[in-house]
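Fold and contact review
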Amino acid sequence: MAGSHPYFNLPDFTQPSPPSTPPSLPSHQRCCRPSDATKGLLVALLGGGLPAGFVGPFSRMAYQASHFPSLELLICRCLFHLPIALLLKLRGDPLLGPPDVRGRACLHALLNVLSIGCAYSAVQVVPAGNAATVRKGSSTVCSALLALCLESQGLSGYDWCGLLGSTLGLIIIVGPGLGTLQEGTTGLYTALGYVLAFLGGLALSLGLLVYRSLHFPSCLLTVAFLFGLVGLLGSVPGLFVLQTPVLPNDPLSWSCVGAVGILALVSFVCVSYAVTKAHPALVCAVLHSEVVVALMLQYYVLYETVAPSDIMGAGVVLGSIAIITAQNLSCEKEGQVEE
C-alpha cells in the first residue's frame, strides 16, 4: 500500500538504466556556423581588401590636385593611429606593450612602415596598379613560404589551387607592363620600382608573421598605435630631407587625405585581426581584391584606360578568392561541439 502512494513511486535502481540519448536539437540550432578561418577571411575581404582598394585612387587624386608628397601622405595616415593611445590609457595598458614583447611589437610596426614606404616609392616610377599587384603577389608567395618554413603550417589542395590561381591573375595583370620595359635609365628606374614593390610585399608578409607571435591583452590596439608612432618618427625627417612639404588649399585634397587615413586604419585593423584567425597566405590572397577595386575605380572614377589583360586577371583573382572562401566555409554543428 505504501508503494502505491505517489511519494513512494521511486525508480527501481536494481534494473539497468537504458542508455541515455542526447536530446534532439531544435532546427534553428542545427544550422551550420562559419569557422574562425572563414570569419577571418571575410573580415580580410570586406574590411581589409575593399577599403584598401580606395586608398590608391584617392592618393592619386590628392597628388593630381596639389602634388601631395608621398611621405606627407604617410604622416597624415600615421596621425590617425595616434588617438588609439587614449584607448590604451583608459584600459590601463602600456602604450608600447609589455616589456617582454615590446621589441617584437616595434619590429612589426617598423616592417609595416617599410612596406608602405616601399609601395609609395614604387608608384612614383611604376603605374600604381602594377605596383600594388606586385606587392600583393609577393606578400602572398612569401607568406606561404614563411609559414611552411617557420610555422610548419600546411595548406590544403584547394587552398594551394586558390593561392596559385590568385598569383596567376596578378601575373596576367602586370605581365604586359613587365614586357615593355625600356632600355637605359628609364628602364632601370622602372625595374627598381618593381623591386621596391616586391620588397614591400616581403616586409608585409614578415610583419604579419611577427604579429601572429604576439599574444597579450590589447595587442591589436598596441600595434596600431606603434605603427603611427614609428611612422611619424621615420617620415617627418625624411619629408624635409627628401621631399618638399605641401599645404593644399583645395578641399578635394584634404578630403582625399582624410579618406585615405580612415580607410587605411580600418584596413590595418581588419587585416591584423584576420591573420590571427586564418593562414597568412590565405589572408594575403583574399587581399588581392584590393587590386580589383583599384582597377574599377581607375576606370570609372579616374577615367583611365583598363587593358583587357587587367579585366582577365581580375576575373582570375576573383575566382581564386571564391575557391579559397568556399573551401574554408566549414560548418560546426552544435552536436559536434558537444562531443
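Higher on the page you've got the structure.
Our subject in this report is the structure included herewith. What you see is a predicted model, and the numbers here were worked out from it, not measured in a lab.

Here's the deal with the packing of helix α4 (residues 102-122) against helix α8 (residues 219-242)
At a minimum axis distance of 8 Å, the contact between α4 and α8 shows a crossing angle of 60°. Judged on the interaxial angle alone, α8 and α4 are oblique. In the packing of α4 onto α8, the handedness of the crossing is right-handed. In this structure, α4 uses Ala 105, Cys 106, His 108, Ala 109, Leu 110, Asn 112, Val 113 and Ile 116 to contact α8, whose residues at the interface are Val 223, Leu 226, Phe 227, Val 230 and Gly 231.

What about the packing of helix α3 (residues 84-91) against α8?
For any two helices packed against each other, the geometry comes down to the angle between their axes and how far apart the axes lie. Viewed as axis vectors pointing N to C, α3 and α8 meet at an angle of 140°, and their least axial separation amounts to 9 Å. Relative to α8, the element α3 lies oblique. The two elements α3 and α8 meet at a crossing, and its hand is left-handed. Contact residues: α3 offers Ile 84, Ala 85, Leu 87, Leu 88 and Arg 91, while α8 offers Leu 221, Thr 222, Ala 224 and Phe 225. Split by residue class, the contact of α3 with α8 holds 7 nonpolar, 1 polar and 1 charged.

Remarks on the side chain of Ser 253
Along the chain, the position of Ser 253 falls in helix α9 (residues 251-274). Not counting residues up to four positions away in its chain, the partners in contact with Ser 253 are Ala 62, Ala 65, Ser 66 and Pro 248.

Re the pattern of salt bridges
Going through the model one piece at a time under the given rule, you end up with 1 salt bridge. Here Asp 93 ties to Arg 91 by a salt bridge, and the two come within 3.2 Å at their closest N and O atoms. Exposure remark for Arg 91: the relative accessible area of 53% places this residue in the exposed category.

Here we look at α4
Structural remark: α-helix, 3.6 residues per turn; residues separated by three or four positions point the same way. Helix length check: α4 (21 residues) gives 30 Å between terminal C-alpha atoms against 30 Å at 1.5 Å per residue, within 8%. Taken together, the buried positions of α4 are Ala 105, His 108, Ala 109, Leu 111, Asn 112, Val 113, Ser 115, Ile 116, Cys 118, Ala 119, Tyr 120 and Ala 122.

What to know about the packing of aromatic side chains
Remark: the centre distance and the inter-plane angle together describe each pair of aromatic rings, the angle taken between the planes. If you walk through the whole model with that rule in mind, you get 4 aromatic pairs. On the numbers, 6.3 Å between centres and 75° between planes, the contact of Phe 68 with Trp 254 is edge-to-face. Within this pair, whereas Phe 68 is found in the loop between α1 (36-66) and α2 (70-79), its partner Trp 254 is found in helix α9, the two being separated by 186 residues in sequence. Exposure remark for Trp 254: the relative accessible area of 40% places this residue in the partly exposed category. Ring geometry for Tyr 299 against Tyr 300: centres 5.0 Å apart, planes inclined by 90°, an arrangement best described as edge-to-face.

Considering the environment of Leu 247
Following the sequence through the fold, Leu 247 ends up in the loop between α8 and α9. Along the sequence, Leu 247 and Ser 66 sit 181 residues apart, while their C-alpha atoms lie 8.4 Å from each other.

Concerning the nonpolar core
Counting 56 residues, the largest nonpolar core has Leu 41, Leu 214 and Val 283 as its most contacted members. Elements that contribute at least two residues to this core include exactly α1, α2, α3, α4, α7 (185-212), α8, α9 and α10 (280-286). A per-element tally of this core places α8 first, with 9 residues. In terms of nonpolar packing, the next biggest core, distinct from the first, is built from 8 residues, Ile 173, Val 292, Leu 295 and Val 317 among them.

Conventions and cut-offs
- Residues numbered from 1 in each chain as written.
- Predicted model: local features only at pLDDT ≥ 70, side-chain atom pairs only at ≥ 80, totals over all residues.
- Heavy atoms only, no water.
- Axes fitted to C-alpha atoms, helices over the stretch in contact; angles between N-to-C directions.
- Helix = DSSP H or I, 4+ residues; strand = E, 2+ residues; numbered from the N terminus.
- Parallel < 35°, antiparallel > 145°, perpendicular 65-115°, else oblique.
- Left-handed = near helix turned anticlockwise from the far one by under 90°.
- Contact = heavy atoms within 4.5 Å.
- Nonpolar A, V, L, I, M, F, W, Y, C, P; charged D, E, K, R; others polar.
- Salt bridge = Lys/Arg side-chain N within 4 Å of Asp/Glu carboxyl O.
- Buried < 20%, exposed > 50% of the residue type's maximum accessible area, 1.4 Å probe, protein only.
- Expected span 1.5 Å × (residues − 1).
- Phe/Tyr/Trp six-rings, centres within 6.5 Å; stacked < 30°, edge-to-face > 60°.
- Core = buried A, V, L, I, M, F, W, Y, C linked by side-chain atoms within 4.5 Å.

Read these as spatial facts, not as claims about activity.
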